[in-house]
Amino acid sequence: MSYSTALCDVCCLRHLSKPSTDWCLECEEGLCMDCKEHHSLLKATRNHNIIPIIEYQRLPNNALEITRNCKFHRKVDVEYSPSQVSIMKRRKCKRRRRRPNRPLNQLQISPLRLKKKISACGKRVTGCTLLRHGKIAFTNKLEEGITVVKSDGSLDFKIDLKPFAPFDITYIPNTNNIAVTFDNSKDIKIVDVNAREVLKTYCLDSPCAGISYLEQNIILCSKKKGNT
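This write-up is about the structure you can find in this document. (Residues numbered from 1 in each chain as written. Predicted model: local features only at pLDDT ≥ 70, side-chain atom pairs only at ≥ 80, totals over all residues. Heavy atoms only, no water.)

### Observations concerning the overall build of the protein chain
Selection rule: Helix and strand assignments come from DSSP, with helices taken as H or I runs of at least 4 residues and strands as E runs of at least 2, each series counted from the N terminus. A simple rule labels every residue: compare its accessible area, found with a 1.4 Å probe on the protein chains alone, to the largest value its type can have, and call it buried under 20%, exposed over 50%, or partly exposed in between. The contact definition used throughout considers only heavy atoms, calling two residues in contact when any of these lie within 4.5 Å. Using the Shrake-Rupley algorithm and a 1.4 Å probe, accessible areas are obtained, with residue cover drawn only from the displayed protein chains.
Within the protein chain one finds five helices and 16 strands. Within the protein chain, buried positions represent 32% of all 228 residues. Sequence separation of at least 24 residues holds for 31% of the intrachain contacts in the protein chain that already meet a minimum separation of 6. Surface accessibility of the protein chain: about 16000 Å² in total, with carbon and sulfur atoms responsible for 51%.

Here it is in C-alpha coordinates:
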(Lines give C-alpha, C1' and ligand atoms only; values in the text may rest on other atoms or scores of the structure.)
Protein backbone atom coordinates (compact mmCIF):
# COMPACT_ATOMS: atom_id res chain seq x y z
CA MET A 1 0.00 0.00 0.00
CA SER A 2 1.40 3.37 -0.98
CA TYR A 3 1.76 6.18 1.52
CA SER A 4 -0.96 8.19 -0.26
CA THR A 5 -3.57 5.55 0.57
CA ALA A 6 -2.15 4.20 3.83
CA LEU A 7 -3.40 7.11 5.96
CA CYS A 8 -6.81 8.71 6.27
CA ASP A 9 -6.72 11.92 4.21
CA VAL A 10 -9.30 13.66 6.40
CA CYS A 11 -7.34 12.91 9.57
CA CYS A 12 -4.13 14.13 7.93
CA LEU A 13 -5.75 17.54 7.52
CA ARG A 14 -6.28 17.51 11.28
CA HIS A 15 -2.64 16.54 11.83
CA LEU A 16 -3.63 13.03 12.89
CA SER A 17 -2.21 9.77 11.62
CA LYS A 18 -4.88 7.08 11.36
CA PRO A 19 -4.78 4.17 8.89
CA SER A 20 -7.30 4.26 6.07
CA THR A 21 -9.71 1.33 5.82
CA ASP A 22 -11.77 2.49 2.85
CA TRP A 23 -11.51 4.61 -0.30
CA CYS A 24 -14.09 7.12 -1.57
CA LEU A 25 -14.24 6.94 -5.36
CA GLU A 26 -15.82 10.38 -5.75
CA CYS A 27 -13.53 12.26 -3.35
CA GLU A 28 -10.48 10.15 -4.25
CA GLU A 29 -9.48 10.03 -0.60
CA GLY A 30 -8.71 7.38 1.95
CA LEU A 31 -10.97 7.16 5.00
CA CYS A 32 -10.56 5.63 8.42
CA MET A 33 -13.48 3.86 10.10
CA ASP A 34 -14.65 6.97 11.96
CA CYS A 35 -14.41 9.25 8.93
CA LYS A 36 -16.16 6.67 6.76
CA GLU A 37 -19.15 6.67 9.11
CA HIS A 38 -19.27 10.47 9.11
CA HIS A 39 -18.85 10.46 5.31
CA SER A 40 -21.84 8.16 4.84
CA LEU A 41 -24.09 10.35 7.01
CA LEU A 42 -23.41 13.73 5.42
CA LYS A 43 -26.04 14.77 2.90
CA ALA A 44 -23.42 15.85 0.37
CA THR A 45 -21.51 12.56 0.48
CA ARG A 46 -23.96 9.89 1.65
CA ASN A 47 -24.44 8.58 -1.91
CA HIS A 48 -20.71 8.36 -2.65
CA ASN A 49 -19.32 4.98 -3.62
CA ILE A 50 -16.95 3.68 -0.95
CA ILE A 51 -14.96 0.48 -1.35
CA PRO A 52 -12.50 -1.25 1.00
CA ILE A 53 -8.97 0.05 0.60
CA ILE A 54 -7.81 -3.50 -0.18
CA GLU A 55 -10.14 -3.70 -3.19
CA TYR A 56 -8.95 -0.29 -4.37
CA GLN A 57 -5.35 -1.47 -4.25
CA ARG A 58 -6.28 -4.52 -6.32
CA LEU A 59 -7.51 -2.40 -9.23
CA PRO A 60 -5.24 -2.56 -12.30
CA ASN A 61 -2.65 0.17 -12.70
CA ASN A 62 -4.41 1.72 -15.69
CA ALA A 63 -7.56 2.04 -13.59
CA LEU A 64 -5.71 3.72 -10.72
CA GLU A 65 -4.38 6.33 -13.14
CA ILE A 66 -7.91 7.48 -14.01
CA THR A 67 -8.96 10.53 -12.01
CA ARG A 68 -12.23 12.43 -11.63
CA ASN A 69 -11.00 15.01 -14.15
CA CYS A 70 -10.46 13.32 -17.50
CA LYS A 71 -7.74 14.99 -19.55
CA PHE A 72 -9.57 14.24 -22.80
CA HIS A 73 -13.14 15.20 -21.86
CA ARG A 74 -14.96 17.87 -19.93
CA LYS A 75 -17.47 17.12 -17.20
CA VAL A 76 -16.76 13.43 -17.04
CA ASP A 77 -17.71 11.16 -14.15
CA VAL A 78 -15.41 8.24 -13.46
CA GLU A 79 -17.12 5.29 -11.81
CA TYR A 80 -15.01 2.58 -10.22
CA SER A 81 -15.89 -0.93 -9.17
CA PRO A 82 -13.59 -3.80 -8.16
CA SER A 83 -14.13 -5.49 -11.51
CA GLN A 84 -14.79 -2.61 -13.86
CA VAL A 85 -13.74 0.98 -14.43
CA SER A 86 -15.88 2.93 -16.85
CA ILE A 87 -16.15 6.54 -17.97
CA MET A 88 -19.69 7.91 -18.21
CA LYS A 89 -19.99 11.13 -20.18
CA ARG A 90 -22.57 13.73 -19.20
CA ARG A 91 -22.57 15.22 -22.66
CA LYS A 92 -21.44 14.01 -26.03
CA CYS A 93 -17.87 14.70 -27.04
CA LYS A 94 -15.44 13.32 -29.54
CA ARG A 95 -12.37 11.46 -28.52
CA ARG A 96 -9.05 12.95 -29.46
CA ARG A 97 -7.63 9.59 -30.28
CA ARG A 98 -9.40 7.09 -32.46
CA ARG A 99 -8.17 3.72 -33.53
CA PRO A 100 -8.41 2.97 -37.24
CA ASN A 101 -11.22 0.67 -38.27
CA ARG A 102 -10.15 -2.87 -38.95
CA PRO A 103 -11.85 -5.23 -41.39
CA LEU A 104 -14.13 -7.75 -39.74
CA ASN A 105 -12.07 -10.67 -41.03
CA GLN A 106 -9.02 -9.32 -39.17
CA LEU A 107 -10.72 -9.17 -35.79
CA GLN A 108 -9.97 -11.94 -33.35
CA ILE A 109 -13.18 -13.26 -31.83
CA SER A 110 -12.79 -15.03 -28.51
CA PRO A 111 -15.21 -17.82 -27.62
CA LEU A 112 -17.66 -17.15 -24.81
CA ARG A 113 -17.23 -19.05 -21.58
CA LEU A 114 -19.88 -19.75 -18.99
CA LYS A 115 -18.49 -18.40 -15.71
CA LYS A 116 -21.47 -18.79 -13.41
CA LYS A 117 -24.99 -20.17 -13.55
CA ILE A 118 -27.55 -18.56 -11.26
CA SER A 119 -30.59 -20.62 -10.31
CA ALA A 120 -31.75 -18.61 -7.29
CA CYS A 121 -33.47 -16.11 -9.60
CA GLY A 122 -36.28 -18.59 -10.23
CA LYS A 123 -38.18 -19.38 -13.42
CA ARG A 124 -39.83 -17.07 -15.97
CA VAL A 125 -37.21 -14.34 -15.62
CA THR A 126 -37.80 -11.53 -18.12
CA GLY A 127 -35.41 -8.82 -16.96
CA CYS A 128 -32.45 -8.10 -14.70
CA THR A 129 -30.29 -5.22 -13.50
CA LEU A 130 -27.07 -4.82 -11.52
CA LEU A 131 -27.26 -3.36 -8.01
CA ARG A 132 -24.59 -2.25 -5.57
CA HIS A 133 -22.01 -4.67 -4.19
CA GLY A 134 -22.34 -6.98 -7.18
CA LYS A 135 -25.95 -7.95 -6.47
CA ILE A 136 -28.40 -8.66 -9.31
CA ALA A 137 -32.15 -8.03 -9.28
CA PHE A 138 -34.40 -10.19 -11.49
CA THR A 139 -38.03 -9.73 -12.51
CA ASN A 140 -39.96 -12.97 -12.08
CA LYS A 141 -43.31 -13.12 -13.87
CA LEU A 142 -44.23 -16.51 -12.41
CA GLU A 143 -43.72 -15.42 -8.80
CA GLU A 144 -44.99 -11.87 -9.50
CA GLY A 145 -42.09 -10.19 -7.77
CA ILE A 146 -38.43 -9.19 -7.75
CA THR A 147 -35.68 -11.59 -6.73
CA VAL A 148 -32.35 -10.15 -5.55
CA VAL A 149 -29.31 -12.43 -5.72
CA LYS A 150 -25.94 -11.90 -4.05
CA SER A 151 -22.69 -11.69 -6.00
CA ASP A 152 -21.98 -15.35 -5.23
CA GLY A 153 -25.28 -16.41 -6.82
CA SER A 154 -27.14 -17.15 -3.59
CA LEU A 155 -30.56 -15.70 -2.77
CA ASP A 156 -30.54 -12.41 -0.84
CA PHE A 157 -34.20 -11.37 -0.62
CA LYS A 158 -37.45 -11.06 -2.57
CA ILE A 159 -39.88 -8.18 -3.11
CA ASP A 160 -43.53 -9.14 -3.56
CA LEU A 161 -45.41 -7.21 -6.28
CA LYS A 162 -48.60 -9.28 -6.41
CA PRO A 163 -51.01 -9.18 -8.16
CA PHE A 164 -48.79 -7.54 -10.79
CA ALA A 165 -46.45 -9.52 -13.04
CA PRO A 166 -43.22 -7.55 -13.60
CA PHE A 167 -41.66 -7.54 -17.06
CA ASP A 168 -38.44 -5.48 -17.06
CA ILE A 169 -36.34 -3.69 -14.48
CA THR A 170 -33.63 -1.03 -14.20
CA TYR A 171 -31.54 0.34 -11.35
CA ILE A 172 -31.42 4.03 -10.35
CA PRO A 173 -28.08 4.28 -8.50
CA ASN A 174 -28.31 7.81 -7.08
CA THR A 175 -31.46 6.92 -5.10
CA ASN A 176 -30.87 3.17 -4.72
CA ASN A 177 -34.29 2.53 -6.24
CA ILE A 178 -35.57 0.16 -8.92
CA ALA A 179 -37.97 1.07 -11.74
CA VAL A 180 -40.19 -1.77 -12.95
CA THR A 181 -42.50 -2.25 -15.93
CA PHE A 182 -45.32 -4.78 -15.97
CA ASP A 183 -46.79 -7.16 -18.50
CA ASN A 184 -49.97 -5.78 -20.10
CA SER A 185 -50.00 -2.81 -17.73
CA LYS A 186 -49.53 0.93 -18.18
CA ASP A 187 -48.00 1.30 -14.72
CA ILE A 188 -44.36 1.87 -13.81
CA LYS A 189 -43.48 1.32 -10.17
CA ILE A 190 -40.50 2.77 -8.30
CA VAL A 191 -39.31 0.31 -5.65
CA ASP A 192 -37.08 1.19 -2.68
CA VAL A 193 -34.36 -1.47 -2.45
CA ASN A 194 -33.63 -0.80 1.22
CA ALA A 195 -37.26 -0.69 2.40
CA ARG A 196 -38.27 -3.37 -0.13
CA GLU A 197 -41.53 -1.64 -0.92
CA VAL A 198 -43.15 0.40 -3.70
CA LEU A 199 -42.57 4.14 -3.34
CA LYS A 200 -44.44 5.52 -6.35
CA THR A 201 -46.61 4.35 -9.23
CA TYR A 202 -46.78 6.18 -12.55
CA CYS A 203 -49.53 5.49 -15.08
CA LEU A 204 -48.55 6.02 -18.72
CA ASP A 205 -50.55 6.33 -21.93
CA SER A 206 -49.67 2.85 -23.13
CA PRO A 207 -48.09 -0.36 -21.80
CA CYS A 208 -44.29 -0.50 -21.78
CA ALA A 209 -41.91 -3.41 -22.16
CA GLY A 210 -38.20 -2.62 -21.88
CA ILE A 211 -36.86 -0.03 -19.46
CA SER A 212 -33.40 1.44 -18.86
CA TYR A 213 -31.78 4.27 -16.88
CA LEU A 214 -29.20 6.58 -18.46
CA GLU A 215 -27.86 9.96 -17.32
CA GLN A 216 -30.73 10.69 -14.91
CA ASN A 217 -33.34 9.70 -17.50
CA ILE A 218 -35.58 6.64 -17.64
CA ILE A 219 -35.81 5.24 -21.16
CA LEU A 220 -38.92 3.20 -21.95
CA CYS A 221 -39.91 1.01 -24.85
CA SER A 222 -43.60 1.69 -25.41
CA LYS A 223 -45.57 -1.04 -27.14
CA LYS A 224 -47.38 1.58 -29.21
CA LYS A 225 -44.99 4.52 -29.60
CA GLY A 226 -41.54 2.96 -29.45
CA ASN A 227 -38.82 4.50 -27.27
CA THR A 228 -39.76 7.45 -25.07
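### Things to note about the environment of proline 166
Inspection of the secondary structure assignment puts proline 166 in strand S10 (residues 166–172). Measuring from C-alpha to C-alpha, the distance between proline 166 and isoleucine 146 comes to 7.7 Å, with 20 residues separating the pair along the chain. Residue contacts for proline 166: discarding those within four places in its chain leaves Thr126, Thr139, Asn140, Lys141, Glu144, Gly145, Leu161, Val180, Thr181 and Phe182.

### Side note on the nonpolar core
The criterion, for reference: What makes a nonpolar core is a set of buried Ala, Val, Leu, Ile, Met, Phe, Trp, Tyr and Cys residues whose side-chain atoms join them at distances within 4.5 Å.
By size, the foremost hydrophobic cluster in this structure holds 14 residues, and its most contacted members are Ala137, Ile146, Leu161, Ile178, Val180 and Val191. Those elements that place two or more of their residues in this core are strand S8 (145–149), strand S9 (155–160), S10 and strand S11 (177–182). Setting aside its immediate chain neighbours within four residues, alanine 137 contacts Gly127, Cys128, Thr129, Leu131, Ile146, Thr147, Val148, Ile169 and Ile178. Core analysis: the next-biggest nonpolar cluster, separate from the first, contains eight residues, Ala179, Cys208, Tyr213 and Leu220 among them.

### As for unusual backbone geometry
Phi is mostly negative for residues that are not glycine, and the peptide bonds are mostly trans. Omega for the bond connecting lysine 162 with proline 163 falls within 30 degrees of zero, at 10°, which places this linkage in the cis form. Turning to its location among the elements, proline 163 is positioned in the loop between S9 and S10. Phi angles above zero are rare outside glycine, and glutamate 215 is one such case at about 50°. Tracing the chain through its elements places glutamate 215 in the loop between strand S14 (208–214) and strand S15 (217–222).

### Focus: the side chain of threonine 170
As a reminder, the rule being used: N or O atoms closer than or at 3.5 Å make up a polar contact, with two conditions inside protein: a donor-capable atom paired with an acceptor-capable one, and, for residues adjacent in sequence, both atoms drawn from side chains.
Position of threonine 170 relative to the elements: it lies in strand S10. From its side chain, threonine 170 meets the backbone nitrogen of tyrosine 213 in a polar contact 3.1 Å long. When near neighbours in sequence (up to four residues on either side) are disregarded, threonine 170 contacts Thr129, Asn177, Ile178, Ala179, Ile211, Ser212 and Tyr213.

### Comments concerning the pairing of S10
Heads up, the rule is: Only when DSSP finds a minimum of two bridges between them are two strands counted as paired.
Counting buried positions along S10 yields six of seven residues, so the element is predominantly enclosed. When S10 meets S11, the two strands line up antiparallel, connected through five bridges. Its bridge partner lying in S11, threonine 170 is registered against alanine 179. Between S10 and S11, which follow one another and run antiparallel, lie four residues, and asparagine 176 among them has a positive phi close to 55°.

### Section: the sheet that holds strand S7 (residues 136–140)
In plain terms, the rule: To get an axis, a line is fitted to the C-alpha atoms, and for a helix only the part in contact is used. The angle between two axes follows their N-to-C directions and goes from 0 to 180 degrees.
Spatially, S6-S7-S8-S9 is the arrangement adopted by the four strands of the open sheet, whose pairing is antiparallel. Each end of this open sheet is capped by a strand with a single partner; those strands are strand S6 (125–130) and S9. Sheet twist, expressed as the mean angle between neighbouring strand axes with direction ignored, is 20°. Judged from the five bridges that link them, S6 and S7 form a sheet pairing that is antiparallel. Opposite threonine 129, over in S7, you have alanine 137 as the bridge partner.

### Focus: the state of the cysteines
Our working rule: Throughout, disulfides are identified as pairs of cysteine sulfur atoms within 2.5 Å of each other.
Under the counting rule described, the total for this entry stands at zero disulfides. Between cysteine 11, a cysteine without a disulfide, and cysteine 8, which holds the nearest cysteine sulfur, the sulfur-to-sulfur distance is 3.7 Å. With no disulfide partner, cysteine 121 has as its closest neighbouring cysteine sulfur the one in cysteine 128, 8.7 Å distant. According to the relative accessible area criterion, cysteine 121 is buried, its value standing at 10%.

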